[in-house]
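The primary structure of each chain is shown beneath.
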Amino acid sequence: NTSSENQTTEPVVKTYTIDQFMNTTSITGSDFSPDNSKILYSSNQTGVYNAFEVPVTGGEPRQLTNSTDNSVFVISYFPKDERILYSSDKGGNEITHLYMRSPDGTVKNLTPEPEAKASFAGWSHDQSSFFFLSNKRDPKYFDLYEMDLQTLTPKLVMKNEQGLDVAAISRDKKHIALVKSINTNSSDMYLYNMETKQLKKLTDHKEDIKYAPETFTPDNRQLYFLTDEGGEFMELKSYDLATGNISNVEKADWDIMYTYFSRDGKYRVTAINNDARTEVKVYDTATGKQIQLPDVPAGDITGVNFSDDENMMAFYVNSPTSSSNLYVHDFEDKETKQLTNTMNPDINQEDLVKTEVVRYKSYDGMEIPALLMKPKSAGPKNKVPAVLWIHGGPGGQTRLNYSPLMQYLVNHGYAVLAVNNRGSSGYGKTFFAADDQKHGDVDLKDVIEAKKYLASTGYVAEDKIGIMGGSYGGYMVLAGLAFTPDEFAVGVNLFGVANWLRTLKSIPPYWESFREALYKEMGNPETDSAALYNKSPLFFAHQIKKPLMVLQGANDPRVLKVESDEIVEAVKKNNVPVEYVVFDDEGHGFVKKENQIEGYSAILAFLDTYLKGKPTPANSGSQK
Ligand SMILES: CSCC[C@H](NC=O)C(=O)N[C@@H](Cc1ccccc1)C(=O)O
């Protein structure tokens with residue numbers, strides 16, 4: 001089921017179908033069974049995510065859940081038996097519940113209130129209970145509950161009436177660390193004493209500084225937190241609970257993304273966002289020295305998880321040319337074993353392309369990082385069309401991961417440049433804040449400048465550059481087509497915002513704790529209505545004159561389907577080609593393989609029609 005593309009002077013590249021690309025399995029999560037003989041993980045092998053377990057010695061994975069509709073995301077085995085805990089919503093509506101699967105296969109919804117969203121917040125260190133957050137009392141705020149494992153009855157531990165977010169719970173169950181968003185560049189830390197019920201504010205600052213509690217130390221004496229106080233990047237510090245003293249723990253040239261300890265604190269893991277790559281460090285806490293991580297040539301190590309006895313470590317390895325695989329390392333015999341092989345064997349990894357981190361100067365001299373994928377067939381004698389990929393957020397970042405969609409497009413002859421425009425995470429707080437209240441303007445200019453960068457490569461056809469992105473990135477697609485109608489040859493909008501006034505008014509109730517922070521960055525729909533109107537592509541849709549494709553999940557709680565319905569209707573009035581694909585069983589992002597296959601092949605067909613001049617296949621542009 002493969003074909004070849006013949007070029008005159010450039011290499012002949014084997015092309016693969018979308019079915020072949022999507023026949024690669026995506027896996028996530030890991031937890032050791034109580035006897036350390038197996039590892040639990042989620043896999044979309046069956047088309048939707050289900051729970052699987054695999055022996056640590058290797059061998060055939062066993063499927064534990066049989067969902068055919070809703071994704072099952074594993075949390076963990078129970079600490080002392082082989083029941084498992086997992087999270088699942090309905091068709092991407094993000095109203096997640098916690099479920100318990102018993103070894104006989106029966107499943108119980110532990111958080112049955114239909115309208116309430118629940119999320120796991122950790123096992124108690126004594127392994128008698130787990131903590132979870134739920135907004136069942138007040139749809140706006142998440143209270144903290146403790147679920148006893150004997151009775152499976154939840155107990156309210158902390159009523160959250162102040163819009164705080166729980167970040168960490170101490171092993172002795174005495175303290176909870178919380179965070180309060182002030183704006184997207186600034187936050188405060190709080191400490192709640194579960195015995196005295198006192199809430200203490202730990203931070204006091206006038207300027208924008210982020211404080212993010214991470215974890216309590218295993219001896220319960222200190223709170224480790226991340227902050228960008230006094231610098232551009234998030235560094236790790238500790239707060240001494242007894243004295244209030246703050247000490248420096250770890251710093252890098254980039255943001256530290258997170259840190260955590262193994263169960264008894266023998267190891268501490270830190271992850272650094274090193275220029276869009278995840279760099280994991282594991283420290284032996286007794287010596288304070290980094291341990292040497294297993295030598296895995298296939299890519300970067302992520303998702304490190306330890307067995308409770310701290311003798312084994314599970315982790316993922318991933319790179320832009322190889323999908324994530326699960327590995328296990330035994331600290332005693334120093335052996336590392338690959339437990340999964342997720343890549344479709346039909347795909348020769350040599351046919352995939354590596355991703356290069358590049359930088360270019362924008363209109364005002366600001367340096368913009370981007371990730372470049374060059375088709376093997378591209379060259380000065382074979383200039384190729386290109387797609388600019390814009391991430392969501394607005395404060396997200398496109399990272400160096402395996403993306404079947406990007407590889408599929410590159411494999412079919414499109415250069416892809418994923419732009420981390422100003423406002424993206426990972427490049428310091430000045431860069432992150434540089435788009436505040438200037439959305440659809442300065443960030444869009446960065447994307448327009450990316451076209452010059454692509455032209456400078458010498459292998460991109462300048463008049464065949466399209467723009468594509470998801471959510472906030474989808475907004476940028478619409479903004480690009482509406483506000484700068486001559487810049488992009490086509491646009492592919494995946495569930496993007498068309499009308500900021502409506503989207504910011506209709507945010508889910510459980511976003512209340514950061515609603516003000518969001519409004520400070522994006523604009524308040526009550527008080528900034530003129531500015532929000534002016535940056536909403538829906539009201540300028542008459543200016544769109546280039547072909548547009550829109551893909552939308554009907555259950556999306558963040559960008560409602562009406563956003564896509566209305567932009568599609570409005571652009572159709574311009575006699576511009578518009579294709580619309582709606583998935584009835586998806587939310588903010590498409591997770592079911594059959595939908596990914598339909599959506600991604602429709603995107604390629606659309607690009608081929610309008611950037612390569614090939615006829616559109618009959619099945620694209622459907623409304624499911
Ligand atoms: C300041 S960003 C908070 C919104 C959130 N961020 C996480 O990614 C998010 O879901 N963003 C959407 C776009 C959006 C922004 C504001 C209101 C609704 C949707 C995204 O995924 O890009």
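Going by the structure above, here's the rest.
Notes on the structure in this doc start here. The shown structure was predicted, so the numbers you read here are calculated from the model rather than taken from an experiment.

### Observations regarding helix H4 (residues 442–456)
Taking 1.5 Å per residue, 15 residues should reach 21 Å; H4 reaches 22 Å between its end C-alpha atoms and fits that length. Every buried residue of H4 is listed here: Val442, Asp443, Leu444, Asp446, Val447, Ile448, Glu449, Ala450, Lys451, Tyr453 and Leu454. Where the residues of H4 are buried, they touch strand S31 (356–361), strand S32 (367–373), strand S33 (384–390), strand S34 (415–419), strand S35 (460–470) and helix H5 (472–483). With its phi angle positive at about 85 degrees, Gly458 sits one or two positions after the end of H4.

### Let's talk about the site of the ligand
Around the ligand, the surrounding shell holds 13 residues, and the nearest of these are Gly393, Ser471, Tyr472, Arg558 and His588. The backbone of Gly393 places a nitrogen or oxygen atom 2.6 Å from an oxygen atom of the ligand. Burial of the ligand by the surrounding chains reaches 81%, relative to a free accessible area of 500 Å². For the shell around the ligand, a count of residues per class yields six nonpolar, six polar and one charged.

### Quick look at the packing of aromatic side chains
Applying the stated rule across the entire model yields 32 aromatic pairs. Here the aromatic rings of Phe21 and Tyr408 are separated by 5.9 Å at their centres, their planes lie at 65 degrees, and the arrangement is edge-to-face. Taken together, the positions of Phe21 in helix H1 (residues 18–22) and Tyr408 in helix H2 (residues 404–411) put the pair 387 residues apart, joining distant regions of the chain. With centroids separated by 5.3 Å and ring planes inclined at 70 degrees, the aromatic side chains of Phe483 and Phe540 adopt a geometry described as edge-to-face. Separated by 57 residues along the polypeptide, Phe483 in helix H5 and Phe540 in the loop between helix H8 (529–534) and strand S37 (548–553) bring together distant segments of the chain.

### Some thoughts on the layout of surface pockets
Taken as a whole, the second largest pocket holds about 1,500 Å³ of empty space. For the lining of the second largest pocket, the secondary structure elements donating two or more residues are strand S3 (27–32), strand S7 (73–77), strand S11 (118–123), strand S12 (129–134), strand S15 (165–169), strand S19 (211–216), strand S23 (255–261) and strand S27 (300–306). Tallied by class, residues from the lining of the second largest pocket come to 23 nonpolar, 16 polar and six charged.

### Looking at the sheet that holds strand S28 (residues 312–319)
Pairing is antiparallel across the open sheet formed by four strands, whose spatial order is S27-S28-S29-S30. Two strands bound the open sheet, and with one partner strand each, they are S27 and strand S30 (336–338). For this sheet the average axis-to-axis angle between neighbouring strands, irrespective of direction, equals 25 degrees. Direction of pairing for strand S29 (residues 322–330) relative to S30: antiparallel, over a ladder of three bridges. Within the sheet, the bridge partner assigned to His329 lies in S30 and is Thr336.

### Description of the nonpolar core
If you look at the biggest cluster of nonpolar residues, it comprises 125 residues, and the most contacted ones within it are Leu388, Leu417, Met468 and Leu607. With eight residues, the top contributor of residues to this core is H5. The next biggest cluster of nonpolar side chains, apart from the first, holds 15 residues, and it includes Ile291, Met313, Phe315 and Val317.

### Side note on the environment of Ala116
Of note, Ala116 is situated in the loop between strand S10 (107–109) and S11. Separated by 229 residues in sequence, Ala116 and Pro345 place their C-alpha atoms 42 Å apart. Ala116 has contacts with Ile95, Thr96, His97, Ser134, Asn135 and Lys136, leaving out every residue within four places of it along the chain.

### Some words on the sheet that holds strand S14 (residues 154–158)
Here four strands make up an open sheet; going across it, the order is S11-S12-S13-S14 and the pairing antiparallel. At either end of the open sheet lies a strand with only one pairing partner, and these are S11 and S14. Each adjacent strand pair in this sheet contributes to an overall mean axis angle of 35 degrees, direction not counted. The pairing of S11 with S12 spans five bridges and is classified as antiparallel. Paired with Trp123 across the strands is Phe130, a residue of S12.

Reading the values: the criteria
- Residues numbered from 1 in each chain as written.
- Predicted model: local features only at pLDDT ≥ 70, side-chain atom pairs only at ≥ 80, totals over all residues.
- Heavy atoms only, no water.
- Helix = DSSP H or I, 4+ residues; strand = E, 2+ residues; numbered from the N terminus.
- Expected span 1.5 Å × (residues − 1).
- Buried < 20%, exposed > 50% of the residue type's maximum accessible area, 1.4 Å probe, protein only.
- Contact = heavy atoms within 4.5 Å.
- Near = heavy atom within 4 Å.
- Polar contact = N/O pair within 3.5 Å; in protein donor to acceptor, adjacent residues only side chain to side chain.
- Areas by Shrake-Rupley, 256 points an atom, 1.4 Å probe, with all protein chains shown as cover.
- Nonpolar A, V, L, I, M, F, W, Y, C, P; charged D, E, K, R; others polar.
- Phe/Tyr/Trp six-rings, centres within 6.5 Å; stacked < 30°, edge-to-face > 60°.
- 1 Å grid on protein atoms, 1.4 Å probe; cavity = no way out; pocket = protein on both sides within 12 Å on 5 of 7 lines; lining within 4 Å.
- Points joined across faces, edges and corners; volume = space filled by probe spheres on them.
- Pairing = 2+ DSSP bridges.
- Axes fitted to C-alpha atoms, helices over the stretch in contact; angles between N-to-C directions.
- Core = buried A, V, L, I, M, F, W, Y, C linked by side-chain atoms within 4.5 Å.

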